[in-house]
Amino acid sequence: MNAAAFVRGAAHVEINEVAPRDGLQIEPLVVPTEAKLGFVDALSACGFARIEATSFTSARAIPALADAEAVMHRMQRVPGVRYTALVPNLRGLERALSCAPDELNLVMSASETHNRANLRMTRAQSLAQLEAMIAEAGKAGVPANVSLSTVFGCPFEGEVDDAEVLALAQRLAEAGAAGITLCDTTGMAYPDQVAHLCMAFQARLPAAALTIHLHNTRGMGLANALAAWQAGVTRFDAAAGGLGGCPYAPGASGNVSTEELVHMFAAMGVETGVDLGRLLQAVAGLPDMIGRDPGSQLLRAGPRLRTHRPPDWLAAHFAAAGAA
Ligand code: COA
Ligand code: ZN
């Protein structure tokens, strides 16, 4: 294949940073509110389109994010960044709306078993609540995106039918969802699958804002992101340091790492608006915050054009060998 055959997606993409929510919800250490605020504020300086700051879930289900109100009220909002939060039910919506979010991210699963395990509701119950929640949020003037979990595969059921995913997305779009996020909850997606579902989604719902949410559980995160971009997707969720995972999905692990995604786009000349240097500074602070090193490969290696001084012995060695 020659270079001209490489398919390019959009010249500008939006990056939504989800580490404060998807990242911290699965960490064994409950991060103190002050440290979370420092993290969100550091991310706010990076140039993200959106930051998903927390979730309004039951404190029994997600103890790590029990301080959702405090985070939303006390973070320093930077103009231009849209602050959102995950909301699973009507009780969560009421809490979220008391915190003046710019938008909300409602959630349900495409597969019945994961919906029951994660949300303790049938899909029909979730759908009914989500429709009511979209209407309520609309009355409050807050756009509600819906994240559909397990659309590329379910850790309990295996393959998930594209037709069911698209029908669900259509129903939610018709109910007034501001956008739909297709989520690969446990990294079961592979690149041509991602491309096909994203293209089918855009053909069926051309007016719906589509976001892709990928996990790197099986090492295909960036390959899937590239496939989504080539298929026309312009909105990407990602988590700093590659943190993340759903505690109610067996085998779950980190989101596609924001720094790796931003670095890949920057290398290809795709505008993300994200300042990689500032983001890497925030990533460098993660071990202190979560009590473990998430092992960011990009932080270790640096951006691709970071060069190193050759070792001191090199010049002497070649001089002694008589090389010019
Ligand atoms: N926020 C705070 N508390 C909530 C709540 C919410 N959004 N929803 C329910 N509760 C409380 C209820 O008030 C009740 O409290 P009580 O026992 O003190 O009376 C308790 O939780 C149980 O309520 P119930 O409606 O029976 O909820 P549940 O136990 O069936 O849980 C969810 C349902 C959706 C709240 C819970 O499963 C959940 O939070 N899931 C989120 C999972 C998640 O975030 N996964 C990762 C992201 S994909
Ligand atoms: Zn996720």
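Residue positions are counted from 1 within each chain, in the order its sequence is given. As they are written, the chains are lettered A onward and the ligands numbered 1 onward, keeping that order. It should be noted that, the model being predicted, local features are given only for residues of pLDDT at least 70 and side-chain atom pairs only at 80 or more, the latter also being counted only at that level, while totals for whole chains, interfaces and linings use all residues. As a rule here, side-chain values come from all non-hydrogen atoms in the structure, and water together with hydrogens is ignored.

- Where an unreviewed UniProt entry is consulted, the chain appears under the name Hydroxymethylglutaryl-CoA lyase, with the organism given as Cupriavidus malaysiensis.
- Listed in UniProt under the heading Sequence similarities (unreviewed entry), the comment for the chain reads: "Belongs to the HMG-CoA lyase family." UniProt positions are given in the numbering used here, feature names are shortened, and annotations may be inferred rather than shown by experiment.

1. Overview of the packing of aromatic side chains
Next up, step 1: Stacked, tilted and edge-to-face pairs are distinguished by plane angle, under 30 degrees for stacked and over 60 for edge-to-face with tilted covering the rest, among Phe, Tyr and Trp rings (Trp via its six-membered ring) whose centres lie within 6.5 Å. Within the structure shown, the criterion is met by two aromatic pairs.
Next up, step 2: When the ring of tryptophan 229 is compared with that of phenylalanine 265, the centres are 6.1 Å apart and the planes differ by 65°; the resulting orientation is edge-to-face. Residue tryptophan 229 is located in helix H9 (residues 221–230), and its partner phenylalanine 265 is located in helix H10 (residues 258–267); the two are separated by 36 residues in the primary sequence. The pair tryptophan 229 / phenylalanine 265 is uniform in exposure class, with both members buried.
Next up, step 3: Pairing phenylalanine 236 with phenylalanine 265 gives two aromatic rings, centres 5.2 Å apart and planes at 65°, and the pair type is edge-to-face. Of this pair, phenylalanine 236 sits in strand E8 (residues 235–238) while phenylalanine 265 sits in helix H10; the two residues are 29 residues apart in sequence, bridging distant segments of the chain.
Next up, step 4: Each residue's exposure class comes from its accessible area (1.4 Å probe, protein chains only) as a fraction of the maximum for that residue type: buried when under 20%, exposed when over 50%, partly exposed otherwise. Residue phenylalanine 236 is classed as buried on the basis of its relative accessible area of 1%.
Next up, step 5: Since its relative accessible area comes to 0%, phenylalanine 265 is described here as buried.
Next up, step 6: Following the ring pairs from residue to residue traces out a cluster consisting of Trp229, Phe236 and Phe265. Strands here mean DSSP runs of E at least two residues long; helices mean DSSP runs of H or I at least four residues long; both are numbered from the N terminus.

2. Concerning the site of ligand 1
Next up, step 1: Taken together, 18 residues lie around ligand 1, and Ser58, Arg60, Asn89, Arg95 and Asn118 are the ones closest in.
Next up, step 2: Within 3.5 Å is the distance limit for a polar contact, defined as a pair of N or O atoms, with the added protein rule that one can donate a hydrogen and the other accept it, and that residues adjacent in sequence qualify only through two side-chain atoms. In the environment of ligand 1, a nitrogen atom lies 3.0 Å from a nitrogen or oxygen atom belonging to the backbone of phenylalanine 56.
Next up, step 3: Glycine 92 places a polar main-chain atom, nitrogen or oxygen, 3.2 Å from a nitrogen atom of ligand 1.
Next up, step 4: Relative to its free-state accessible area of 920 Å², ligand 1 is covered by the protein chains to the extent of 67%.
Next up, step 5: Of all elements in the fold, only helix H4 (90–97) and helix H5 (112–119) reach the threshold of two or more residues within the shell around ligand 1.
Next up, step 6: Broken down by element, the residue count for the shell around ligand 1 peaks at three residues, all from H4.
Next up, step 7: Side-chain classes follow a simple rule in which Ala, Val, Leu, Ile, Met, Phe, Trp, Tyr, Cys and Pro form the nonpolar group, Asp, Glu, Lys and Arg form the charged group, and the remainder, Gly included, forms the polar group. Residues that form the shell around ligand 1 fall into these classes: seven nonpolar, six polar and five charged. Only heavy atoms are used to decide nearness, and a residue is near a molecule or strand if one of them lies within 4 Å of it. Only the protein chains shown count as cover for residues, and the accessible areas themselves come from Shrake-Rupley with a 1.4 Å probe.

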